[in-house]
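# Topology and contacts: notes
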Amino acid sequence: MEVDSTTTIPSRQIHSSGMTNMTPDDYRNIFWSMLRDAIDQMLTHPPGSYKPISYEQMYSAVYKCVCKQYSEQLYADLMTHVKTRLGQWSNHLTSVEDDSFINEFHKALVQYFHALGGIVPIFTYMNRFYIESKLHTDLKTELIKVFSSLVSDQHVARLIPLMVEAQSRPFCIPPAVMSTMCKHLYQLNPEYTVIEPKLFSSYLPNVLPQMTEEDLQAQKKADYMLQESLRAQGWGCSNNMSSTRKRDLEDAPGPPNRG
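Presented here is an overview of the structure given in this document. Every chain is numbered independently, its residues counted from 1 as its sequence is written. Totals for whole chains, interfaces and linings use every residue, but because this is a predicted model, local features are given only for residues with pLDDT of at least 70 and side-chain atom pairs only at 80 or more, for both listing and counting. Excluding hydrogens and water, the side-chain values take into account all heavy atoms of the structure.

## Some thoughts on the packing of helix H4 (residues 71-94) against helix H5 (residues 98-122)
In this description, a line fitted to the C-alpha atoms serves as the axis of each element, helices being fitted only across the stretch in contact, and the angle between N-to-C directions of two axes falls anywhere from 0 to 180 degrees. By definition, any uninterrupted DSSP run of H or I lasting at least four residues is a helix, any uninterrupted run of E lasting at least two residues is a strand, and each is numbered from the N terminus. Following both chains from N to C, one finds H4 and H5 inclined at 165 degrees, their axes separated by 11 Å at the closest point. On the basis of their axis angle, the class for H4 and H5 is roughly antiparallel. The crossing of H4 and H5 is right-handed. Of the residues in H5, those in contact with Leu-78, Val-82, Leu-86, Trp-89, His-92 and Leu-93 of H4 are Phe-101, Glu-104, Phe-105, Ala-108, Gln-111, Tyr-112 and Ile-119. Under the scheme applied here, ten amino acids are nonpolar (Ala, Val, Leu, Ile, Met, Phe, Trp, Tyr, Cys and Pro), four are charged (Asp, Glu, Lys and Arg), and all others, including Gly, are polar. Residues that form the contact of H4 with H5 fall into these classes: ten nonpolar, two polar and one charged. Between 65 and 115 degrees an angle is taken as roughly perpendicular, under 35 as roughly parallel, over 145 as roughly antiparallel, and anywhere else as oblique. Crossings are sorted by hand: turned counterclockwise from the far helix by less than a right angle, the near helix makes the crossing left-handed, and turned clockwise it makes it right-handed. By the convention used here, residues are in contact when the closest approach between their heavy atoms is within 4.5 Å.

So, in structure tokens, the structure goes:
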């Protein structure tokens, strides 16, 4: 999240209702409206593409809502709004073709985890004095659960086989994208690794159980077969490479005759 000391929404709106009282209309039309707009910026615009959000102003709005006994309402509004947006994302993913699905899911993951980096700090006061103290959980955990339930759980059975297929075709999907996907999927739900442990073990440590002596021998055999397969295709053969290079030099045209 980009934060800035500047105020993007006139601060007088926050103070117009005074600290002595906050009516339901004040809460809905001033405080929640402002917070909802900030949340939408973080959830709908690519990271870095929107105007900096004033952390101080947003934190102050949350603080005043909590102090005026709107904690329960604020938490309910926040979770309902996030669920609505994630439901829209999930519906969009349903319509995406297989050849674009990994990239579209990656965009959703990056967008959401970037948004978490802004939403959670803004709502720190509510998290500390309502979610942790009364609900005995924390905001980040609940927001991750919501994404898991509404998005990743709905699509992971389709996503992971596509990732396995992409991994078998070098550079079909950039390694950095695959690594980020595996990292965030593991953060969402470590049980996802059970679906395809070898995929996740390529990008995350300690996913597979410790290898036994039999596993090591099998791995050596697999490595040997891979090397033989590559040699059969002409890879790693210095004599062939030298011969090819020699022929290339022989066939290359000489310098122009200046005589």
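Text resumes after the structure shown.
## Comments concerning helix H3 (residues 55-67)
Take the number of residues in a helix, subtract one, and multiply by 1.5 Å to get its expected span. Between its first and last C-alpha, H3 extends 18 Å over 13 residues, near the 18 Å set by a 1.5 Å rise per residue. Exposure is judged per residue with a 1.4 Å probe applied to protein chains only, and the accessible area is read against the type maximum: over 50% gives exposed, under 20% gives buried, and values in between give partly exposed. Inspection of H3 places Gln-57, Met-58, Ala-61, Val-62, Lys-64, Cys-65 and Val-66 among the buried residues, and these make up the whole buried set. Immediately downstream of H3, the backbone of Gln-69 shows phi near 70 degrees, a positive value.

## Overview of the environment of Cys-65
Along the polypeptide, Cys-65 turns up in helix H3. Taking the C-alpha atoms as reference points, Cys-65 and Trp-32, separated by 33 residues in sequence, lie 8.8 Å from one another. Excluding residues within four positions of it along the chain, Cys-65 makes contact with Met-22, Tyr-27, Phe-31, Tyr-70, Ser-71 and Leu-74.

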